[in-house]
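# A structural walkthrough
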Amino acid sequence: MRLTPLLLMATAPRHTMALSKMPKPASIRPRSENQKQYVELLQGTETPVIFGVGPAGTGKTLFACAAAVKALKARDVSRIVITRPLVAVEGESIGYLPGTMRTKMDPWTRPIVDVLTELMNKEYVETMLASGIVEISPLGYMRGRTFKDAFIIADEMQNSTPNQMKMLLTRVGEGSRLVVNGDPGQSDAFGRESGLDDFLGRAAHARDELIRVVNLGSEDIQRSEVVAHVIELYEKNCREGGL
């Protein structure tokens, strides 16, 4: 039986239909040399794991999301996976929060969802979330999984443990790319070793094209003049032996 266009549409996978309606992402451009290096790595295909390390406002999440959307639109990947460690107050877990996993994760992943909304639009981002093209997953729930043909963005990884970082880095499957972002100066995991610091120490003298680290500083902050000033004050205080 020959399928009519209407029947073909009805039998097409939901994610394929959603991708066909994908709006053109907003154009953003790097402004500093460090941002240019970061974007070149994100847009290339030779480096499957990229670390963006630096303070707030340097574009770590913005450029990672833009690269993920571009790869999705080009069909280089089939989905975007967003994850981050959950640092709860006084040992509380997300289990106590009402709702689905997505709603439980919302307080932690809202910044990335907001960036995706800026790049496209709210309606389409909701469509991608509903169809599974964009998946939100707590870092602790990724154990045992292998992601294929996915663009994975791991945010706020200064709050991960060394074991969590190792677990994340070993989730990368065929055709996938992983972007690990973090700010060593804003860890909320008080009293325990940071997985980001631990890995950066291990990779400090490694030379390979499989994993690259881009360090961004206060000179790369584009968010606002006051944010750059605040970061400079804290960095100066640290250099002088303060907190």
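The structure this text deals with has already been given above.
### Notes on the overall build of the protein
What the protein contains, in helices and strands, is nine helices and six strands. Counting only residues that meet the buried cut, the protein has 44% of its 243 residues in that class. Intrachain contacts of the protein at a sequence separation of at least 6 include 81% that bridge at least 24 residues. For the protein, the computed accessible surface area is about 13800 Å², with 53% contributed by carbon and sulfur atoms.

### Looking at the sheet that holds strand S5 (residues 177-182)
Read across the open sheet, the six strands follow the order S3-S2-S4-S5-S1-S6; overall the sheet is parallel. Of all strands in the sheet, those with a lone pairing partner are strand S3 (134-138) and strand S6 (211-215), marking the two edges. For this sheet, the mean inter-axis angle between neighbouring strands, taken without regard to orientation, is 15°. Here five bridges tie strand S2 (residues 79-84) to strand S4 (residues 150-154), and the two strands are oriented parallel to one another.

### Digging into the side chain of Ser 160
Topologically, Ser 160 is positioned in the loop between S4 and helix H7 (162-169). Taking the relative accessible area as the measure of exposure, Ser 160 reaches 0% and is therefore buried. Within the structure, Ser 160 has its side chain in polar contact with the backbone oxygen of Met 157 (distance 2.8 Å).

### Describing helix H8 (residues 195-203)
Regarding H8, the residues found buried are Gly 195, Leu 196, Asp 198, Phe 199 and Leu 200. Turning to H8, the residues buried within the fold contact strand S1 (49-53), H7, S5 and S6. One side-chain oxygen of the residue at the start of H8 lies 3.2 Å from the amide nitrogen of Leu 196, identifying that residue as Ser 194.

### Some remarks on the pairing of S2
Extensive coverage of S2 is indicated by the burial of five of its six residues. Two elements, S2 and S3, share five bridges in a ladder whose sense is parallel. From the neighbouring strand, Thr 83 faces S3, where its bridge partner is Ser 137.

### Section: the pattern of salt bridges
What the rule picks out here adds up to five salt bridges. Between Arg 145 and Glu 135 there is a salt bridge; the shortest N-O distance is 2.7 Å. Placement of Arg 145 in the loop between S3 and S4 and of Glu 135 in strand S3 is noted, with a sequence separation of 10 residues between them. Between Arg 202 and Asp 198 there is a salt bridge, with the nearest N and O atoms lying 2.9 Å from each other. Of this pair, Arg 202 and Asp 198 both sit in helix H8, four residues apart, which is roughly one turn of the helix. With a relative accessible area of 17%, Asp 198 lands in the buried category. Sharing partners across several salt bridges, the network here consists of Arg 79, Glu 135 and Arg 145.

### Concerning the packing of aromatic side chains
Evaluated as defined, the whole model comprises one aromatic pair. Plain terms: the ring middles of Phe 51 and Phe 199 are 4.9 Å apart, the flat faces sit at 10° to each other, and that makes the pair stacked. Within this pair, whereas Phe 51 is found in strand S1, its partner Phe 199 is found in helix H8, the two being separated by 148 residues in sequence. Taking relative accessible area as the criterion, Phe 51 reaches 0% and is therefore assigned buried. A relative accessible area of 14% places Phe 199 in the buried class.

Reading guide: rules and limits
- Residues numbered from 1 in each chain as written.
- Predicted model: local features only at pLDDT ≥ 70, side-chain atom pairs only at ≥ 80, totals over all residues.
- Heavy atoms only, no water.
- Helix = DSSP H or I, 4+ residues; strand = E, 2+ residues; numbered from the N terminus.
- Buried < 20%, exposed > 50% of the residue type's maximum accessible area, 1.4 Å probe, protein only.
- Contact = heavy atoms within 4.5 Å.
- Areas by Shrake-Rupley, 256 points an atom, 1.4 Å probe, with all protein chains shown as cover.
- Pairing = 2+ DSSP bridges.
- Axes fitted to C-alpha atoms, helices over the stretch in contact; angles between N-to-C directions.
- Polar contact = N/O pair within 3.5 Å; in protein donor to acceptor, adjacent residues only side chain to side chain.
- Salt bridge = Lys/Arg side-chain N within 4 Å of Asp/Glu carboxyl O.
- Phe/Tyr/Trp six-rings, centres within 6.5 Å; stacked < 30°, edge-to-face > 60°.

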